[in-house]
Amino acid sequence: MSAGWTVLLFGLFVCLYVQSGSFETLVISEANEQLGSLDNVNRLLKKRSVHSSQIEVQSVKVDCKVTSRFAHTVMTTKVLNKANVSQEVFFEVELPKTSFITNFSMEIDGKTYTGEVKEKEKAKQQYEKAVSSGQTAGLVKASGRKMEMFSVNVNVAANSSVIFTLTHEELLQRVFGKYELMIRVKPKQLVQHFEIVADIYEPQGIAFVDAHGTFITNELLSLVEKTVTEKKAHVSFSPTLDQQRSCPDCEGTLIDGDFLIKYDVKRALDIGNVQIVNGYFVHYFAPNHLQRVPKTVVFVIDNSYSMVGTKLAQTREAMLAILSELPEDDYFAIIVFSTNFILWRPHMSKATQENVQDAKTFVQTIRVEGGTEMHDPMIHAVKMLYEEPHNGTTPNAIPMIILLTDGQPNQYPRTPPEIQESIRNAIGGNISVFSLAFGRDADYGFLDVLSKQNNGIARRIYEDSDAPLQLKGFYQEVASPLLSDVNFHYPDNNVNSLTKSHFKQLFNGSEIMVAGQLNDLELNNFLVEVTAQGLENNFEVKGQAYAEEWKTIYPEEEYIFGDFTERLWAYLNIQELLNKKDKGSPEEKGNATAEALELSLKYNFVTSLTSMVVTKPENDDLFIADKLTEAARGGNAPPAAPQTPRIAVPSTYSYRAPTNYVDGDPHFVIELPRRNDALCFNIDDKPGTIFNLVRDPLTGIVVNGQTIGDKKVVPGKKVKTYFGRFGIIHERFGIRLMVSTKEISVSEEGKHAKLFWSDTGTIKGLNMDLQVVKDRSLTLTLRNSVKFQIILHKVWKGHPYHQDYLGFYTLDSHLLSTSVHGLLGQFYHGLEFEMSDPFPGKDQGKQDAVMFLKGHKLVVTRGWQRDFREDVKKGEKVPCWFIHNNGTGLLEGVHTDYIVSGLFKIQQELILTKNYNI
């Protein structure tokens, strides 16, 4: 061995360590055995959560203040690492998609690190700079079906705690005559101090408050405390540790579900209620005792081939329910389209019992065919609505189109923007378009703009078993219009910076809000006028808006965030400007974007134009909170914004050692600690093939592996391959490591050393540590970078078929950049996908499921592989969902894209020619 190395050899070597982890990790292991029942799966997964008991959630508090519909929620959680080593803690919170994060902080070792909202591109540049210099960075953006997930992980020192504080704000929308807060409570363990507190302040007066939980038993019912006075309500829920237990001696918790608070306010005046505070006013308008206005509605339904199976069956089911609830004074039509379109009837029909029954019969006959040509049926729907006023409908009937599609519009002979422009010109501002984007393939961005341009909204419909209820629920929101062309008028000399003041419709159970600034801060009152079209006559009300003394409205000011009217005004403005940036001329779009960005930065809102950056000064760890738009979520994102505002407490506080490894013949397994599950796939190729496993162009780390085959090949049988050699490079440190089943060679900056598997010892270099356990394992630690482990599988020398082989494990990868790729590397920083419920598979005793991943729809099979770190001979079972055909659909590209020409080949051409976002 060359001079300059520190080499230690022992007869006995013992190593104890705890690995730090990444968001989701990749595992590779061996097995083709049958998994058995789902109970066995859950047992094995629970067994593998090795350190969860050493992470203790000491307190969880959700403190929500609602002032005149504007909710300000602070979520505080304290977590303790009871272990004698540092561990990774995940903090996860589900938020309503319509809320804006306004603050996030972490208190670690007595120091508080607070987030700063920046323009998205500047935040991205700061993030990429951190990654390129090898700093820890986490990009926080994920979404769920009804919620958005805020998630961040941080390393917590031994016997230390971290306090997470997240603040978000949201304007509560009135739906079906009530406002609703849903607090999702899934702490996953008993919590020493658990508390939910909500204070509601409504100057109009509170009509009712209801609070309950899906998990509330008779024993817990008395813990829901509710106090309601004329204008204030207080709701709290704070079970003790013993009251949380699922049984007297159990460690499991009952607190697992949704805590709901619903309320409404009193409405005495048709003019609505105007509140003036600190130079800003908000006008709430939801008059009582109005009769619904009849509507003329055309249902435009996609029956292209992509709707085959469940989608079309769910659409039929929903349409049958919707038709049953049509009021008899409504007029309706049905158009079904694919490559061509067909009409139920050539004209609008009154919703008589006979006509509804005939329409139901027609709906039952709809079958799939052809492509998705959307333009012509939409234009025909417009034509039918324009012609119908001459055919006996109520003069003030409100016209609307409800479009349901799961695909993208046919781009021939028109492009999507041309289709949007053609439909908008045909409508002329007189018809509302409500679009329902069914599933992940629907072009949500196109439908969203189409609806906004025509006074409607778009909504995703999730492909779950309750899709018919989602469709019906959305229809019920718009089924009972009360007013149309609603206009709000305020004296020009008294107000400025108005939010939207013209609305196409007011629906039953909803509410309109208008906000603005006052020119005269001393102004005590001003005239308010509302005009609209009602059932028979024009609707017109006038009234005076009076400013009230702040302390008169809110005598306990310390419980209110005093600038709520200004923040509510800013919130409304940003929402409307974000809508405007999707329509209008290029100049109008640019102005709306610039103004929305300016307000987002001024009021510290994380919107689709901004990100929140949290930096830890000592080591420059960087976290970015980023909000996705519904369109940006694309095919991989779950749909449908929630109908009610929802907030959630952290659902998971856990530590899982990342175990990224390849083992067996060869099997890849992607462990997903946050899901408590795993994915797996095989790679089949001829012996001697060299694969790139890890390639990080920013840190200079490369791992390649070469396969070997069995000693003896049986004609007609599959040739099994295993990894027999690994080459590891760290370009920045000048490190090269070659590991075979016979020996281990390492070099660093011109210095060389060699070890054999019969040795036990440690090599310490300038930027690396190398530990060998005799005939078992090698652990390589690259300082401030990464930790790998290689397992040796020894086979009886005289075995007629098999020979020794290796397994490769990534123990710590969180410092690798987001540009990392390779068969293993592409999964180091997480993986987003969705799964259907399991169903019986083709293989007897095994279950299948449908996975939606990267725009693909894959059928996957439940199975299990093995992790050999603890037991080299037998291994430990790892339940997983198996992706067939060499990981097709899971991998970027195909497995042959990762073949390289040499064990130490950096393979620049791979990076340059493949679209791997490197």
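The structure this text deals with has already been given above.
In this report, the structure presented in the accompanying data block is examined. None of these values were measured; they are calculated from a predicted model. Each chain carries its own residue numbering, running from 1 in the written order of its sequence. Residue-level local features of this predicted model are given only where pLDDT is at least 70; pairs of side-chain atoms are given and counted only at 80 or more, and the full residue set underlies all totals for whole chains, interfaces and linings. Each side-chain value is derived from all of the structure's non-hydrogen atoms; neither hydrogens nor water enter the calculation.

### With respect to helix α10 (residues 467–478)
- Elements are defined by DSSP. Helices are runs of H or I of four residues or more, strands are runs of E of two residues or more, and each kind is numbered from the N terminus. Expected helix span is computed as 1.5 Å times (number of residues minus one). The end-to-end C-alpha distance of α10 is 17 Å, a good match for the 16 Å that 12 residues give at a rise of 1.5 Å each.
- Counting buried positions over the 12 residues of α10 gives nine, a clear majority of the element.
- Those residues of α10 not exposed but buried are Ala467, Pro468, Gln470, Leu471, Gly473, Phe474, Tyr475, Glu477 and Val478. For every residue, the accessible area (1.4 Å probe, protein chains only) is compared with the maximum for its type, and the residue is labelled buried under 20%, exposed over 50%, or partly exposed between those bounds.

### Topic: helix α13 (residues 586–602)
- Compared with an ideal rise of 1.5 Å per residue, which puts 17 residues at 24 Å, α13 spans 24 Å between its outermost C-alpha atoms and is within 8% of the ideal.
- In the segment just after α13, asparagine 604 is the residue with positive phi, at about 60°.

### Points about the environment of isoleucine 200
- Assignment of secondary structure puts isoleucine 200 in strand β13 (residues 193–201).
- A relative accessible area of 0% places isoleucine 200 in the buried class.
- With near-sequence residues (within four places) excluded, isoleucine 200 lies in contact with Val66, Ile206, Lys231, Lys232, Ala233, Ile261 and Tyr263. Contacts were defined at the residue level, with two residues in contact if any of their heavy atoms lie within 4.5 Å.

### Examining the packing of aromatic side chains
- In this scheme Phe, Tyr and Trp rings, the latter by its six-membered ring, pair at centre separations within 6.5 Å, and the angle between planes marks the pair as stacked below 30 degrees, edge-to-face above 60, and tilted otherwise. Taken as a whole, this structure holds 23 aromatic pairs when the rule is applied.
- Pairing tyrosine 179 with tyrosine 263 gives two aromatic rings, centres 5.1 Å apart and planes at 35°, and the pair type is tilted. Placement of tyrosine 179 in strand β12 (residues 179–185) and of tyrosine 263 in strand β17 (residues 257–265) is noted, with a sequence separation of 84 residues between them. For the pair tyrosine 179 and tyrosine 263, one class covers both residues: buried.
- Between the aromatic rings of phenylalanine 434 and phenylalanine 474, the centroid separation amounts to 6.2 Å while the plane-to-plane angle is 65°, which identifies the pairing as edge-to-face. Of the two residues, phenylalanine 434 is situated in strand β25 (residues 432–438) and phenylalanine 474 in helix α10; the sequence distance between them amounts to 40 residues. Exposure class is identical for phenylalanine 434 and phenylalanine 474. Each is buried.
- In this structure an aromatic cluster arises from ring pairing among Phe70, Phe100, Tyr571 and Phe605.

### A few points about the sheet that holds strand β19 (residues 280–285)
- A pair of strands is considered paired only if DSSP assigns at least 2 bridges between the two. What the four strands build is an open sheet, ordered β18-β19-β30-β28; its pairing is antiparallel. The open sheet terminates on both sides in strands that have one partner only, identified here as β18 (273–277) and β28 (495–496).
- Axis definition: a line fitted to C-alpha atoms, limited for helices to the stretch in contact. Angles are taken between N-to-C directions and run from 0 to 180 degrees. The strands touched by helix α12 (residues 564–580) are β18, β19 and β30 (512–518); relative to β19, the strand with the most contacts, the crossing angle is about 65°.

### Some remarks on the side chain of serine 432
- Mapping serine 432 onto the fold places it in strand β25.
- Residue serine 432 is classed as buried on the basis of its relative accessible area of 0%.
- For serine 432, the side chain forms a polar contact with the main-chain oxygen of asparagine 455, separated by 3.3 Å.
- Apart from the residues lying within four places of it in its own chain, the contact partners of serine 432 are Pro399, Met400, Ile401, Asn454, Asn455, Lys504 and Gln505. Under the rule applied, a polar contact is a pair of N or O atoms within 3.5 Å (in protein, one hydrogen donor and one hydrogen acceptor; residues adjacent in sequence only if both atoms are side-chain atoms).

### As for the pairing of strand β3 (residues 70–81)
- Where burial is concerned, most of β3 is hidden: nine out of the 12 residues are buried.
- In textbook terms, the turn of a hairpin is the stretch between consecutive antiparallel strands, and for strand β2 (residues 55–67) and β3 this stretch comprises two residues, one of which, serine 68, has a positive phi near 50°.
- The pairing of β3 with strand β11 (residues 161–171) spans 11 bridges and is antiparallel. Residue pairing for β11: leucine 80 is matched across the bridge by serine 161.

### Topic: the state of the cysteines
- Disulfide assignment relies on a single distance test, namely cysteine sulfur atoms paired within 2.5 Å. Overall, the coordinates contain two disulfides when judged by the stated rule.
- Here cysteine 247 is linked by a disulfide to cysteine 250, with a sulfur-sulfur distance of 1.5 Å. Between cysteine 247 and cysteine 250, the S-S torsion sits near 70°, and that sign places the bridge as right-handed.
- Using a relative accessible area of 28% as the deciding quantity, one classes cysteine 247 as partly exposed.
- One disulfide bridge connects cysteine 680 with cysteine 880, the sulfur atoms lying 2.2 Å from each other.

### With respect to the environment of glutamine 189
- Structurally, glutamine 189 is set in the loop between β12 and β13.
- For glutamine 189, a relative accessible area of 17% translates into the label buried.
- Sequence separation between glutamine 189 and valine 57 is 132 residues; the distance between their C-alpha atoms is 7.7 Å.
- Polar side-chain contacts of glutamine 189 include one of 3.2 Å to the backbone nitrogen of valine 57.

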